[in-house]
Amino acid sequence: MPASAREMASVPAPRRIFDARVCRPMDGLSTSLWGLSLRNPIIIAPSPPTAHASGIIAADRAGAGAVITKSVGPHTERPTPGTDRRQVRYVPGTGIWMQSTYRREILPLAEGRELLLSVKPRVAIPVIGSVFCPSFDPVEWTRVAGALAEAGADAIHLDLFYLPLEPPLAAAGDGLRSLFNAVVADVHVPVVVKLNIHLDLAGVVRICEETGVRGLAYLDSARLGNPRSEHDPASYLLPGPPSEMCGLAGEWLRPMTMAYTDRLQQLTHLERCAGGGLFDSHDALEALLRGAHAIQLCTALLVRGWGVVREILDGLKSYLIRTEGGSLTDLREECRLARTSPLVGRVQRVPGVCVQCGRCEAQFMCRARAGSAECESCGFCVELCPVGAVLPR
Ligand SMILES: Cc1cc2nc3c(=O)[nH]c(=O)nc-3n(C[C@H](O)[C@H](O)[C@H](O)COP(=O)(O)O)c2cc1C
Ligand code: SF4
Ligand code: SF4
């Protein structure tokens, strides 16, 4: 006998265990970061694709866990075409060299606001608004951050790339403190800070902790001089003199990203998103097992396209299956605890990642196998392993 409409209405609705658009707890990859629910820990870093709605929608479709917009500033319009030069070269194995200007790079406020308003109703993943202002003026930073938060940004990301913050921090530290204080007090969403290699790391992290900043993203591109051309040593890779400031992102940053991951793990409890030179699932896994709460991609995406997101997700899932690990969060915690054990300072071979190729036994530096009792942990095998299974601890 079919149930009457009244009976049907009295049946309690099935309990909603999770929001399938936002998180899928069963695959072990869902996580929380900076107070946001992420379906996985892969974040698309501020980059050309996150400067427009179609790129952010594509990131959602490609399976990313969250997106950070291209940085937005207080200015009202883009420079007239042709007045601000932009030059970009990709050198495989090194990364992307860029010459640009603040006004050419950073989105005007109205454009950033529009971007968030148009994209937020169309994607399921968190969209974090990135802010950059060319001075330490807290009023400017809060004006831009407030506008992005009001337009729907799920968190605010403070980009410090062009600010003069070389150590020692001294007076600039006071400027940073008042701008962090002002933004944290003014916006109703979490505020996170982007680190670069030119900062006094411990000093900036301390200011973040003291001002209520919720988390850290790293690494930004490095600021370097114009390099010599590989093909013609008499000339330079990019136009302009050797002193011309260039940004370098990509592969070259990877060892520093790992070193910062280790250092930040010791330095702070703020949640951290690691990036800089991460290209595949082994890079991602290494950063996550070394203590990062999420990872971010820029150069890999620009060079390899959206498929890189799925490839990394598949790699992370198969790692969890191979190791019979419950979730990445549990594994990260296990690794963190292992660091306080007698294994500190030792080279480790990660069993689920090792494909038994034998290279770390065949080397002639010693007669041990990486991570074995005989291994002296000199570190030589770390780069020899083709799949990133040998980790320095
Ligand atoms: C073309 C380009 C544009 C970028 N724009 C921004 C930006 O607007 N704001 C920001 O915080 N970082 C920006 N970045 C830095 C990236 O978000 C990332 O931190 C850096 O490239 C290192 O990561 P990767 O090695 O994966 O590229 C940009 C990088 C590139 C290559
Ligand atoms: S080199 Fe790497 S993959 Fe090969 S046996 Fe050693 S740890 Fe395993
Ligand atoms: S890390 Fe150094 S000591 Fe350990 S197996 Fe490799 S070469 Fe030998």
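Residues numbered from 1 in each chain as written. Chains lettered and ligands numbered in written order. Predicted model: local features only at pLDDT ≥ 70, side-chain atom pairs only at ≥ 80, totals over all residues. Heavy atoms only, no water.

Student: Help me out: how do you make sense of the site of ligand 1 in this one?
Tutor: Surrounding ligand 1, one finds 22 residues, the nearest of these being Pro-46, Lys-70, Ser-71, Gly-277 and Thr-299. Here a nitrogen atom of ligand 1 and a side-chain polar atom of Ser-71 are 2.8 Å apart. Note that an oxygen atom of ligand 1 is positioned 2.8 Å from one of the backbone N or O atoms of Gly-250. Coverage of ligand 1 by the protein amounts to 97% of the 600 Å² it exposes when considered alone. (Near = heavy atom within 4 Å. Polar contact = N/O pair within 3.5 Å; in protein donor to acceptor, adjacent residues only side chain to side chain. Areas by Shrake-Rupley, 256 points an atom, 1.4 Å probe, with all protein chains shown as cover.)

Student: Explain the site of ligand 2 here, please?
Tutor: Residues in close proximity to ligand 2 total 14 residues, the closest being Cys-354, Cys-357, Gly-358, Cys-360 and Cys-385. Assessed atom by atom at 2 Å from the grid points, ligand 2 resides in the largest cavity. (1 Å grid on protein atoms, 1.4 Å probe; cavity = no way out; pocket = protein on both sides within 12 Å on 5 of 7 lines; lining within 4 Å. Sits in = over half its atoms within 2 Å of the grid points.)

Student: Just to check I follow, could you spell out the side chain of Glu-251 for this structure?
Tutor: With respect to the secondary-structure elements, Glu-251 resides in the loop between strand 12 (246–249) and helix 8 (254–267). Buried charge without a salt bridge: Glu-251, with Arg-304 as the nearest opposite-charge side chain at an N-O distance of 9.4 Å. A polar atom in the side chain of Glu-251 sits 3.0 Å from the backbone nitrogen of Gly-93. Excluding its chain neighbours within four sequence positions, the residues that come into contact with Glu-251 are Tyr-90, Pro-92, Gly-93, Thr-94, Gly-95, Gly-277, Phe-279 and Thr-299. (Helix = DSSP H or I, 4+ residues; strand = E, 2+ residues; numbered from the N terminus. Buried < 20%, exposed > 50% of the residue type's maximum accessible area, 1.4 Å probe, protein only. Lys, Arg positive; Asp, Glu negative; His and termini not counted. Salt bridge = Lys/Arg side-chain N within 4 Å of Asp/Glu carboxyl O. Contact = heavy atoms within 4.5 Å.)

Student: In this structure, what is going on with helix 9 (residues 281–289)? I would like to understand it.
Tutor: Given 3.6 residues to a turn, an α-helix orients residues that are three or four positions apart in the same direction. In terms of residue burial, helix 9 counts as a mostly covered element, since 8 of its 9 residues are buried. Taken together, the buried positions of helix 9 are occupied by Ser-281, Asp-283, Ala-284, Leu-285, Glu-286, Ala-287, Leu-288 and Leu-289. Taken from the residues just after helix 9, Gly-291 is the one with a positive phi, measuring 125°.

Student: Is there a simple way to think about the sheet that holds strand 6 (residues 95–99) in this case?
Tutor: Consider a sheet: its strands pair through backbone hydrogen bonds, and that pairing is either parallel or antiparallel. If you trace the 4 strands from one edge of the open sheet to the other, you get 5-6-12-11, paired in antiparallel fashion. Unpaired on one side and paired on the other, strand 5 (87–91) and strand 11 (222–224) mark the two borders of the sheet. For this sheet, the mean inter-axis angle between neighbouring strands, taken without regard to orientation, is 25°. The pairing of strand 5 with strand 6 spans 5 bridges and is classified as antiparallel. (Pairing = 2+ DSSP bridges. Axes fitted to C-alpha atoms, helices over the stretch in contact; angles between N-to-C directions.)

Student: What is the right way to look at the packing of helix 8 against helix 9 in this model?
Tutor: Each pair of packed helices can be described by the angle between their axes along with the distance between the axes. Contact geometry of helix 8 with helix 9 gives a least axis separation of 9 Å together with a crossing angle of 20°. Of the possible angle classes, the one that applies to helix 8 and helix 9 is roughly parallel. Note on packing geometry: the crossing formed by helix 8 with helix 9 is right-handed. Across the interface between the two elements, Arg-254, Met-258 and Thr-261 of helix 8 pack against Asp-283, Glu-286 and Ala-287 of helix 9. (Parallel < 35°, antiparallel > 145°, perpendicular 65-115°, else oblique. Left-handed = near helix turned anticlockwise from the far one by under 90°.)

Student: Can you walk me through the pattern of salt bridges in this structure?
Tutor: Any two side chains of opposite charge can pair if their charged atoms end up close together. Applying the stated criterion across every chain yields a total of 11 salt bridges. The salt bridge partner of Glu-210 is Arg-177, with a shortest N-O separation of 2.5 Å. Taken together, the residues span a long stretch of sequence, with Glu-210 in helix 7 (residues 201–211) and Arg-177 in helix 6 (residues 170–186) at a distance of 33 residues. Here Arg-177 falls in the partly exposed class, since its relative accessible area comes to 29%. Close ionic contact of Asp-283 with Arg-254 constitutes a salt bridge, the shortest N to O distance being 2.7 Å. Linking Asp-283 in helix 9 with Arg-254 in helix 8, this pair joins segments that are 29 residues apart in sequence. This pair shows no difference in class: Asp-283 is buried, exactly as Arg-254 is. Linked through salt bridges whose partners overlap, the residues forming this network are Arg-254, Asp-262, Asp-283, Glu-286 and Arg-290.

Student: Sorry, what's going on with helix 4 (residues 109–119) here?
Tutor: Within helix 4, burial applies to Leu-109, Gly-112, Leu-115, Leu-116 and Val-119. Viewed end-on, helix 4 has its buried residues packed into an arc of 125°, placing them on one side of the element. Along its buried surface, helix 4 packs onto helix 2 (53–62), strand 7 (127–131) and helix 5 (138–150). (Arc of directions from axis to C-beta.)

Student: I'm lost on empty space enclosed by the protein in this one. Help?
Tutor: A probe as big as a water molecule, rolled over the atoms, marks out the empty space that is left. Going through the model one piece at a time under the given rule, you end up with 3 cavities of 30 Å³ or more. Of the pockets and cavities examined, the largest cavity occupies roughly 100 Å³. Along its surface, the largest cavity is lined by 14 residues, and Cys-354, Cys-357, Gly-358, Cys-360 and Cys-385 are the ones closest to its centre. The class makeup of the residues in the lining of the largest cavity is 9 nonpolar, 2 polar and 3 charged. (Points joined across faces, edges and corners; volume = space filled by probe spheres on them. Nonpolar A, V, L, I, M, F, W, Y, C, P; charged D, E, K, R; others polar.)

Student: Just to check I follow, could you spell out the nonpolar core for this structure?
Tutor: Within soluble globular proteins, side chains that are nonpolar generally end up buried alongside one another. Trp-141, Ile-156, Leu-158 and Phe-180 are the most contacted members of the largest nonpolar core, which has 101 residues in total. For this core, the element with the highest residue contribution is helix 11 (residues 307–323), accounting for 7 residues. Inspection of this core shows a minimum of three residues originating in each of domain 1 (21–340) and domain 2 (342–393). Discounting residues that sit within four places of it in the chain, Phe-180 has contacts with Leu-158, Leu-160, Val-193, Ile-207, Cys-208, Thr-211 and Val-213. Core analysis: the second largest hydrophobic core is formed by 13 residues, Leu-33, Leu-36, Ile-68 and Ala-155 among them. (Core = buried A, V, L, I, M, F, W, Y, C linked by side-chain atoms within 4.5 Å. Domains from an automatic or database assignment.)

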